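# A closer look at the structure
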Amino acid sequence: MLKTLDRIADVLGFAASVVARLLLVFVAVILFLQVVLRYGFGFSLPWPEEAARYSMIWVVMLAGSLLVKDDQLVRVDFFDNYWPARLMSLRNAVFRVLLAVLLGVMVWKGYENAQFGARRSAVTLGVSFYWVYLSIPVGAGLMMFHMLVLALRDLLGRTESSGPSILKAEI
């Protein structure tokens, strides 16, 4: 079961990585275009700043899920050497489940906000705020899934330290 979940996590991580990278390239291109038009030609487009802002929200949420997947979040671990390995695994699993519950609340409330935002649209883009606000429940849902996989791995005593998966190209 863990192998299947790891495979699903790898596919989701790869997809999130590709989408986040494409959005980041999109942001760089449109902002470069905006700067060239504004300072080179004295003309600016009305939509690039808004598109960049909303795209960056998606990038942050998708990249956050990759950080959770790779267990790269910041932590205070200076007492970890004093704990027995099995107790550390149990402690980590409990913390991860608690964080997954918190992320579940983010999914729930984030989706409520997305539904509320469906009634409004962005000024220059004309796109519904539903799609902008949907980044929160999607990103939190991906983080929650990866957090639960890590918790299960901790409970089963199978910790992996293979490094960041975004550097792996195989899928």
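The preceding data block contains the structure.
Presented here is a report on the structure given in the accompanying data block. (Residues numbered from 1 in each chain as written. Predicted model: local features only at pLDDT ≥ 70, side-chain atom pairs only at ≥ 80, totals over all residues. Heavy atoms only, no water.)

### Observations concerning the overall build of the protein chain
Heads up, the condition is: To qualify as a helix, a DSSP run of H or I must reach at least 4 residues; to qualify as a strand, a run of E must reach at least 2; elements of each kind are numbered from the N terminus. It is over C-alpha atoms that the radius of gyration is taken, and the globule rule equals 2.2 Å times the number of residues to the power 0.38. Using a 1.4 Å probe on the protein chains alone, a residue whose accessible area is under 20% of its type maximum counts as buried, one over 50% counts as exposed, and one in between counts as partly exposed.
Across its full length, the protein chain carries five helices and zero strands. Traced from its N-terminal end to its C-terminal end, the protein chain shows the element sequence α-α-α-α-α. Against the compact-globule benchmark of 16 Å for 171 residues, the protein chain has a radius of gyration of 19 Å, which places it well outside the compact range. Seen through its principal axes, the protein chain has C-alpha atoms that stretch 65 × 35 × 30 Å. Per-residue burial over the protein chain gives 35% buried out of 171 residues.

### What about helix H3 (residues 85-117)?
In an α-helix, one turn spans 3.6 residues, which is why side chains three or four residues apart end up on the same side. What counts here: Helices are assigned an expected span. That span is 1.5 Å times one less than the residue count. Note on contacts: a residue pair is in contact if any heavy atoms of the two residues lie within 4.5 Å.
Between its terminal C-alpha atoms H3 stretches 46 Å, which fits the 48 Å expected from 33 residues at 1.5 Å a residue. Among the residues of H3, those classed as buried are Met88, Ser89, Arg91, Asn92, Ala93, Arg96, Ala100, Leu103, Gly110, Ala114 and Gly117. Buried positions along H3 lie against helix H4 (129-133) and helix H5 (135-155).

### A word on the side chain of histidine 146
With respect to the element layout, histidine 146 can be found in helix H5. Take histidine 146: its relative accessible area is 3%, and that puts it in the buried class. When near neighbours in sequence (up to four residues on either side) are disregarded, histidine 146 contacts Ala9, Leu12, Gly13, Ser65, Val68 and Lys69.

### Some details on the packing of H3 against H5
To keep it simple, the criterion reads: The convention used is that axes are lines fitted to C-alpha atoms, helices contributing only their stretch in contact, and that angles between N-to-C directions extend from 0 to 180 degrees. Relative orientations are named as follows: roughly parallel for angles under 35 degrees, roughly antiparallel for angles over 145 degrees, roughly perpendicular for angles from 65 to 115 degrees, and oblique for any other angle. Left-handed describes a crossing in which the near helix is turned anticlockwise from the far one by less than a right angle; the clockwise case is right-handed. Throughout, the ten residues Ala, Val, Leu, Ile, Met, Phe, Trp, Tyr, Cys and Pro are labelled nonpolar, Asp, Glu, Lys and Arg are labelled charged, and all others, Gly among them, are labelled polar.
One way to put it is that H3 packs onto H5 with a least axis distance of 8 Å and a crossing angle of 160 degrees. As far as their axial angle goes, H5 and H3 are roughly antiparallel. The hand of the H3/H5 crossing is left-handed. Among the residues making up the contact of H3 with H5, the classes are represented as 19 nonpolar, five polar and three charged.

### Focus: the side chain of serine 55
Along the chain, serine 55 turns up in helix H2 (residues 48-69). Classification of serine 55 as buried rests on a relative accessible area of 9%. What serine 55 contacts, discounting residues up to four positions off in sequence, is Leu23, Phe26 and Val27.

### Concerning the packing of H2 against H5
The relative placement of two packed helices is expressed as an angle between their axes plus a distance between the axes. Relative to each other, H2 and H5 sit at 5 degrees, their axes nearing to 8 Å. Considered as vectors, H2 and H5 are oriented roughly parallel to each other. Contacts from Ile57, Trp58, Met61, Leu62, Gly64, Ser65, Val68 and Lys69 of H2 reach H5 at Ser135, Ile136, Val138, Gly139, Ala140, Leu142, Met143, His146, Met147 and Leu150.

### Describing the packing of aromatic side chains
The condition is simple: When the centres of two rings from Phe, Tyr and Trp lie within 6.5 Å, Trp using its six-membered ring, the rings pair. Their planes under 30 degrees apart give stacked, over 60 give edge-to-face, and anything left gives tilted. Note on criteria: charge over ring means Lys NZ or Arg CZ within 6 Å of the ring centre, with the direction from the centre no more than 35 degrees off the ring normal.
Inspection of every chain in the model, using the stated rule, returns four aromatic pairs. Aromatic pair tyrosine 54 and phenylalanine 129: ring centres 5.7 Å apart, planes at 80 degrees, arrangement edge-to-face. Of this pair, tyrosine 54 sits in helix H2 while phenylalanine 129 is found in helix H4, placing the two residues 75 residues apart along the sequence. A relative accessible area of 13% places tyrosine 54 in the buried class. Ring plane angle 20 degrees and centroid distance 5.6 Å describe the contact between phenylalanine 129 and tyrosine 133, whose orientation is recorded as stacked. Of the two residues, phenylalanine 129 and tyrosine 133 both sit in helix H4, four residues apart, roughly one turn of that helix. What makes phenylalanine 129 buried here is its relative accessible area of 10%. Stacked on the ring of phenylalanine 129, the Lys or Arg arginine 120 has its end atom at 4.6 Å from the ring centre.

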